[in-house]
Amino acid sequence: MSSIIQLLPDHVANQIAAGEVVQRPASVVKELLENAVDAKATDIKLIIKDAGKSLIQVIDNGVGMSVTDARLCFERHATSKIRQAEDLFSLHTKGFRGEALASIAAIAHVEMRTKQDQEELGTHLIIEGSKFVSQEVAVLPKGTSFAVKNLFYNIPARRNFLKSDIVEYRHVIDEFQRVALAHPNIHFTFYHNGSEMFNLPQSNFRQRIVAIFSGKTNEKLVPVQEETEIVEIQGFVSKPEFAKKNRGEQFFFVNDRYIKSGYLHHAVMAAYDGILKDGAQPSYFLFLSVPPHTIDINIHPTKTEIKFDDEQALYAILRAAIKHSLGQFNVAPVLDFDRDANLDTPYHYKDMEGAMPTVQVDANFNPFAEVQPAKSYSGSGSSYKKTEIASSWEGLYVGLKQETETFSAASNFTFENEEVTSSLFDLEDAEPTVHRTYQIHKKYIVSPIKSGMVIVDQQRAHQRVLYEQFLVNMTVHQASSQQLLFPLNLYFSKNEMELIAELQLSLMNTGFVFEETQKDHVVISGIPVNITESEVSLVLEQLLSDLQDGIPESSFSQNDTIAKSMAKSLAVKTGSYLTEKEQENLVNGLFACKEPNVSPFQKPTFITMRVEDLDKKFAL
């Protein structure tokens, strides 16, 4: 019988490996940036076109490669990072698997230029789908330049499954931010379609955070620092009042490597226990330094999952360190019944020296003198003349007898005994007011009908009413807006600002008026009539959170998403007390909707109970 098992060709094996390593353009960005960092570069440029689908280029000034290394780096499992298996437990570099460049070269057109500092000439290499097209000697600056073009050109199915440019671009930004945050000592620049998006000079960790996320970030950061035998923790967490709906600004770095860890995230949330609103997520940027032999990075090709030797101890230390920082900077509320806040020294008086009080002495004062000096409020020199008032007290009663006689004469007049009142309507026609709606547990509204009663979920019903209002405003006619006396300045990250720019037209149709749009903030001078000023930031935050996975292509889908998000933010919540008038308005508004049966999220808004159903309940 002939053998049927055969060894796969290298280019096929590389394409299979690429399925794990390269999932989207952002994966290529991550691998190339990490290689540049490992090459000891101090200046790294990232250039992309069409969200990385057409071009991804990374230029660095690192150590470069020799002619042999330039050819060998595209082979599978060829790496300069490790030599033996034991090196996996003492890693000091980003990469170590030796699969990234081979996988990228298998599914794209790759052009590499590299030169070492001591060499006069460098190497220019072109590869298309794992095939070496050309290798030439070239005059180049020190460092390496990788250009990856036409990603997934030979795997059309993978290319078709890529999301829109906006979504892919946001994933690229996420990867860029993770590498840039981990290495504030490197100068990063980022260009997209010819426009400079980020220019991050060498700085410290705090300055790098502020440079990536808007300038307002600085005021919300609380430093965290702790050093133990197990772990050294440094970084920043945000103040509770700046917590957001989404988890966009949450970063863990272990030995300068970005990781995801639900367990450590739970430790952070435990430290914030009791001082965050429901559903709010704090921002954090935390560096953990642990001995390399206590962690295992080689779990997944993306290297974002890590196994720790002693997770429980790490959890406790991280939670305690954050709790300590929040308390140290008076962020968390403290109950101290023995402390009088009125006795606290204000900050601007803290370092001031006390001045000697001035004392005035009357040298002529003699307590044993027989005649005491006249006081200012009595005697002849006083403006308060007591004697005059005392002498004229009888004048108060002059004419009193005459007034008494006049009053007794007036009492003889007669008036109509019956009070005359006028009314526009006859009293017989007025119906007594009937209590038509009832609120149960601040959650449901019960309204009687002919056949029985209707039980309405107040939150879902309000969502349906608001959803249809917003949808009509955006699609049929422009909504009216209320002008603000003082415009609102709302600060967002660059990612969020791009989303707002995309949604600006739809938001204006709902009633928002954008006076100005800057790089890191927007100025809003008008808001929809059914939104209060304090709710604006919550509405936009919820909207950005709901659109994390991208903005729908069609305009109706976009309007639908915005209307749903705003209805969810503004709807009356479960547990809110409603007056009888509010209950009636909500019930009437619900049944005036086109689809009153379900909420915008396809949940039932009300149920009906007939009298027959109640009779059955009482039947024996």
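Computed from a prediction, not measured in an experiment: that's the story for all the values here.

Cut-off values and rules
Residues numbered from 1 in each chain as written. Predicted model: local features only at pLDDT ≥ 70, side-chain atom pairs only at ≥ 80, totals over all residues. Heavy atoms only, no water. Helix = DSSP H or I, 4+ residues; strand = E, 2+ residues; numbered from the N terminus. Buried < 20%, exposed > 50% of the residue type's maximum accessible area, 1.4 Å probe, protein only. Contact = heavy atoms within 4.5 Å. 1 Å grid on protein atoms, 1.4 Å probe; cavity = no way out; pocket = protein on both sides within 12 Å on 5 of 7 lines; lining within 4 Å. Points joined across faces, edges and corners; volume = space filled by probe spheres on them. Nonpolar A, V, L, I, M, F, W, Y, C, P; charged D, E, K, R; others polar. Salt bridge = Lys/Arg side-chain N within 4 Å of Asp/Glu carboxyl O. Pairing = 2+ DSSP bridges. Axes fitted to C-alpha atoms, helices over the stretch in contact; angles between N-to-C directions. Phe/Tyr/Trp six-rings, centres within 6.5 Å; stacked < 30°, edge-to-face > 60°. Lys NZ or Arg CZ within 6 Å of the ring centre and 35° of its normal. Left-handed = near helix turned anticlockwise from the far one by under 90°. Core = buried A, V, L, I, M, F, W, Y, C linked by side-chain atoms within 4.5 Å. Expected span 1.5 Å × (residues − 1). Bend = angle between axes of the 7 residues up to and from the residue. Parallel < 35°, antiparallel > 145°, perpendicular 65-115°, else oblique.

Before going further, it helps to spend a moment on the overall build of the protein. The secondary structure content of the protein amounts to 17 helices and 22 strands. Burial statistics for the protein: of 620 residues in total, 42% are counted as buried. Sequence-distant contacts, at least 24 apart, represent 69% of the contacts inside the protein between residues at least 6 apart.

This brings us to the layout of surface pockets. Put simply, the second largest pocket is a space of about 950 Å³. What lines the second largest pocket is a set of 38 residues, and nearest its centre among them are Glu241, Ala243, Ser537, Leu538 and Glu541. Those elements that provide at least two residues to the lining of the second largest pocket are α12 (458–475), β19 (481–491), α14 (536–546) and α15 (555–570). The element contributing the most residues to the lining of the second largest pocket is α14, with six residues. When its residues are assigned to classes, the lining of the second largest pocket shows 14 nonpolar, ten polar and 14 charged.

Turning to the pattern of salt bridges, a few remarks are in order. Using the criterion set out here, one finds 13 salt bridges in the structure. With its nearest N and O atoms 3.7 Å apart, the salt bridge here joins Asp43 to Lys45. For Asp43, a relative accessible area of 22% gives the class partly exposed. For Asp560, the salt bridge identified is with Lys564, shortest N-O distance 3.4 Å. Of this pair, Asp560 and Lys564 both sit in helix α15, separated by four residues, roughly a single helical turn. In this structure Asp560 comes out as buried when scored by relative accessible area, which is 14%. Classification of Lys564 by relative accessible area gives partly exposed; the value is 25%. Among the ionic contacts, a cluster of salt bridges with common partners joins Glu111, Arg113 and Lys149.

A separate point is the sheet that holds strand β21 (residues 521–528). What the three strands build is an open sheet, ordered β19-β21-β20; its pairing is antiparallel. With one partner strand each, in any of the chains shown, β19 and β20 (513–517) form the two edges of the open sheet. Each strand axis lies, on average, 15° off the axis of its neighbour in the sheet, ignoring direction. As defined by bridge partners, β19 adjoins β21 across seven bridges and the pair is classed as antiparallel. Residue pairing across strands places Asn489 opposite Val523, the latter belonging to β21. Packed on one face of the sheet, helix α13 (residues 494–510) meets β20 and β21 and runs near 155° to β20. Each of β19 and β21 is contacted by α14, which is oriented at about 60° to β19, the strand it contacts most.

Another aspect to go through is the pairing of strand β5 (residues 131–138). Both strand β4 (residues 122–128) and β5 contribute to a ladder of seven bridges, which runs antiparallel. When the bridges of β5 are listed, His124 appears paired with Glu136. Here β4 hands over to β5 after two residues, with Gly129 in that stretch at a positive phi of 60°.

In total, this model carries 20 aromatic pairs according to the counting rule given. Arranged with centres 6.4 Å apart and planes meeting at 35°, the rings of Phe512 and Phe514 form a pair that is tilted. By relative accessible area, Phe514 is classed as buried at 12%. Among the aromatic residues, those joined into a cluster by ring pairs are Phe205, Phe213, Phe236, Phe251, Phe253, Tyr258, Phe285 and Phe287. Positioned above the aromatic ring of Phe132, the side-chain terminus of Arg71 is 3.8 Å from the ring centre.

Before going further, it helps to examine unusual backbone geometry. Here the phi dihedral of His441 falls at roughly 55°; this positive angle occurs in a residue that is not glycine. Mapped onto the elements, His441 comes out in the loop between β16 (438–440) and β17 (444–449). Take His441: its relative accessible area is 75%, and that puts it in the exposed class. At Lys442, a residue that is not glycine, the phi angle is positive and equals roughly 50°. Counting through the fold element by element, Lys442 comes out in the loop between β16 and β17.

With that settled, the discussion passes to the packing of helix α8 (residues 262–271) against helix α9 (residues 311–328). Two elements in contact, α8 and α9, have axes whose closest approach is 8 Å; the angle formed by their N-to-C orientations is 35°. As α8 runs across α9, the sense of the crossing is right-handed. Each of Tyr263, Leu264, His266, Ala267, Val268, Ala270 and Ala271 in α8 lies in contact with α9, whose residues at this interface are Glu311, Gln312, Leu314, Tyr315, Leu318, Arg319, Ile322, Lys323 and Leu326.

Moving on to the nonpolar core. Where a protein is soluble and globular, its nonpolar side chains tend to be buried together. Leu46, Phe74, Phe188 and Phe190 are the most contacted members of the largest nonpolar core, which has 60 residues in total. In this structure, Leu471, Met497, Leu503 and Leu547 belong to the second largest nonpolar core, which totals 32 residues.

For sheets, the rule is that strands pair by backbone hydrogen bonds, running either parallel or antiparallel. What the four strands build is an open sheet, ordered β16-β17-β18-β22; its pairing is antiparallel. The open sheet has two edge strands, β16 and β22 (606–610), and neither has a second partner. Averaged over neighbouring strand pairs, the angle between their axes works out to 25° when direction is ignored. With respect to the sheet, α12 is in contact with β16, β17 and β18 (452–457), its orientation differing from that of β18 by roughly 75°.

Attention now moves to α13. With 17 residues, α13 extends 23 Å from end C-alpha to end C-alpha; this agrees with the ideal 24 Å at 1.5 Å per step. At Gln504, α13 shows its largest bend, some 60°. Looking one or two residues beyond α13, the residue adopting positive phi is Gly511, at roughly 130°.

To continue, consider the packing of α13 against α14. At a closest axis distance of 11 Å, the pairing of α13 and α14 adopts a crossing angle of 110°. Judged on the interaxial angle alone, α14 and α13 are roughly perpendicular. Contacts from Glu496, Leu499, Ile500, Leu503 and Leu507 of α13 reach α14 at Leu540, Leu543 and Leu544.

Right, let's get into α9. Between its first and last C-alpha, α9 extends 25 Å over 18 residues, near the 26 Å set by a 1.5 Å rise per residue. Along α9, the positions that sit buried rather than exposed are Ala313, Leu314, Tyr315, Ile317, Leu318, Ala321, Ile322, Ser325 and Leu326. Along its buried surface, α9 packs onto β9 (221–227), β10 (232–238), β11 (250–254), α8, β13 (284–289) and β15 (307–308).

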